[in-house]
Amino acid sequence: MEGTCHIGFAELVRRYEESEQEVFHSWEATLPSPEETGMEGVLMPYRMSADWPITAVMAFCFLLLAYALRNGKKYILQRVRHLFIHKKRASLFDVPAASDSRYSVALMAITCILAGLCLFDYFVEHGGRLVQVVPHLLLLVVYGCLMMLFVMLKEGMYMFVNWIFFENSQQRNWLRTYFDMWASLSLLLFPLALMAVYVDLPTETMEDLCIGIWCFVKILLFYKCVRNFFRHFYGVLHLILYFCALEIIPTFLLWEGIGVVNSLLILKF
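All of these numbers come straight from a predicted model, not from anything done at the bench.

Draft legend 1. Expanded view of the overall build of the protein. Counting its regular elements, the protein contains nine helices and zero strands. Going residue by residue from the N terminus, the α and β elements of the protein occur as α-α-α-α-α-α-α-α-α. Classification of the 269 residues of the protein by burial places 37% in the buried group. Accessible surface computed for the protein: about 17,500 Å², of which carbon and sulfur atoms make up 68%.

Laid out in structure tokens, this is it:
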């Protein structure tokens, strides 16, 4: 009994660890080398149709548009028709504006949201690290809010300038035309956004169409401005000053502001 050697607990732990190391090395030896793993996979390009915030935005805009067209179709057609026809006084058969203005508000909200979506589509291609580091839902919210803020600021500028230089009736007609224009844009931007998201419309084509819509809107506003404020030939100079100060310059300032906001978002994230 005195010659018997007992193995201590520490020795058992050491032998157990050695056996684990042998098993691990034998398993590691069976793994394929990097040369045997094959070709590396190719990353799929980004698709807006697979992005859930984009899908949620399109579904929300579709519901708003369906609500407005289903319940206020007569009112919307009347307002679109008034964009192209100048009337000095309202008709007795016109739909009362106060009762159905909620449809214009819904369409204007759609326009701001879809304009933000078009900006997002542009910066997916030209934004560099912006879309990679900033959450997409945040970008959509920021762009939509910027467009809504732009609309409200221009409304304030119109009210101030027109209050100084023009009559109240002219001011009311112009503000109504301005809101109708923004509301009607939703009818053009929604199919364009559908093609950009689900048909993979090329970015260059998307840019050309957006520029074309922007030019069409400015031409129509120019026409309405002439008919509403400057009906005589001697008012052409005032028309140019008015149009540049309240239409062209704010648009460029908006674009510069979007660039500043993008830089701040990149620094934040």
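Draft legend 2. Inspection of the packing of aromatic side chains at higher detail. Inspection of every chain in the model, using the stated rule, returns 11 aromatic pairs. Ring centres of tyrosine 122 and phenylalanine 123 lie 5.2 Å apart, and the angle between their planes is 80 degrees; on these two criteria the pair is classed as edge-to-face. Overall, tyrosine 122 belongs to the partly exposed group, its relative accessible area being 26%. By relative accessible area, which is 9% here, phenylalanine 123 ends up buried. Site record: aromatic cluster; members linked through ring pairs are Phe150, Tyr158, Trp174, Tyr178, Phe179 and Trp182.

Draft legend 3. Highlighting the nonpolar core. Of all hydrophobic cores here, the largest spans 64 residues; its most connected members are Leu114 and Tyr143. Discounting residues that sit within four places of it in the chain, tyrosine 143 has contacts with Gly116, Leu119, Phe120, Phe123, Leu130, Ile258 and Asn262.

Draft legend 4. Looking closely at the confidence of the model for the protein. The pLDDT averaged across the protein works out to 77; a share of 74% of its residues lies at or above 70. Within the protein, the lowest mean pLDDT, 64, falls on helix H1 (residues 9-30), and the highest, 88, falls on helix H2 (residues 52-71).

Draft legend 5. Layout of the packing of H2 against helix H7 (residues 168-198). Remark: H2 packs on H7, axes separated minimally by 11 Å, with the N-to-C direction vectors making an angle of 150 degrees. In terms of axis orientation, H2 runs roughly antiparallel to H7. Judged by the sense of rotation from one axis to the other, the crossing of H2 with H7 is left-handed. On H7, the residues that touch Ile54, Thr55, Met58, Cys61, Phe62, Leu65 and Leu69 of H2 are Leu187, Phe190, Ala193, Leu194, Val197 and Tyr198. For the contact of H2 with H7, the per-class residue count stands at 12 nonpolar, one polar and no charged.

Parameters at a glance
By convention here, each chain's residues receive numbers from 1 onward along its written sequence. Per-residue local features of the predicted model are confined to residues with pLDDT of at least 70, and side-chain atom pairs are confined, for both listing and counting, to 80 or more; whole-chain, interface and lining totals are unaffected and use all residues. Side-chain numbers here rest on the full set of heavy atoms in the structure, without hydrogens or water. By the criteria applied, helices consist of DSSP H or I runs no shorter than four residues and strands consist of E runs no shorter than two, each listed in order from the N terminus. When a residue's accessible area, from a 1.4 Å probe over protein chains only, is under 20% of the maximum for its type it is buried; when over 50% it is exposed; and in between it is partly exposed. Surface exposure here means Shrake-Rupley accessible area, sampled with a 1.4 Å probe, where a residue is shielded only by the protein chains that are shown. Stacked, edge-to-face and tilted are the three classes for Phe, Tyr and Trp ring pairs, Trp counted by its six-membered ring, which pair at centre distances within 6.5 Å; planes under 30 degrees apart are stacked, over 60 edge-to-face, the rest tilted. Only buried Ala, Val, Leu, Ile, Met, Phe, Trp, Tyr and Cys residues count toward a nonpolar core, and they belong to the same one when joined by side-chain atoms within 4.5 Å. In this description, contact between two residues means that some pair of their heavy atoms is separated by no more than 4.5 Å. Across the chain, each position has a pLDDT score giving the predictor's confidence in that residue, from 0 to 100. Lines fitted to the C-alpha atoms define the axes, with helices restricted to the stretch that makes contact. Angles between their N-to-C directions range from 0 to 180 degrees. To sort the angles, those under 35 degrees are grouped as roughly parallel, those over 145 as roughly antiparallel, those from 65 to 115 as roughly perpendicular, and the leftovers as oblique. Note on convention: the crossing is left-handed when the near helix lies turned anticlockwise from the far helix by less than a right angle, right-handed when the turn is clockwise. Any residue that is not Ala, Val, Leu, Ile, Met, Phe, Trp, Tyr, Cys, Pro, Asp, Glu, Lys or Arg is counted as polar, Gly included; the first ten are nonpolar and the last four charged.

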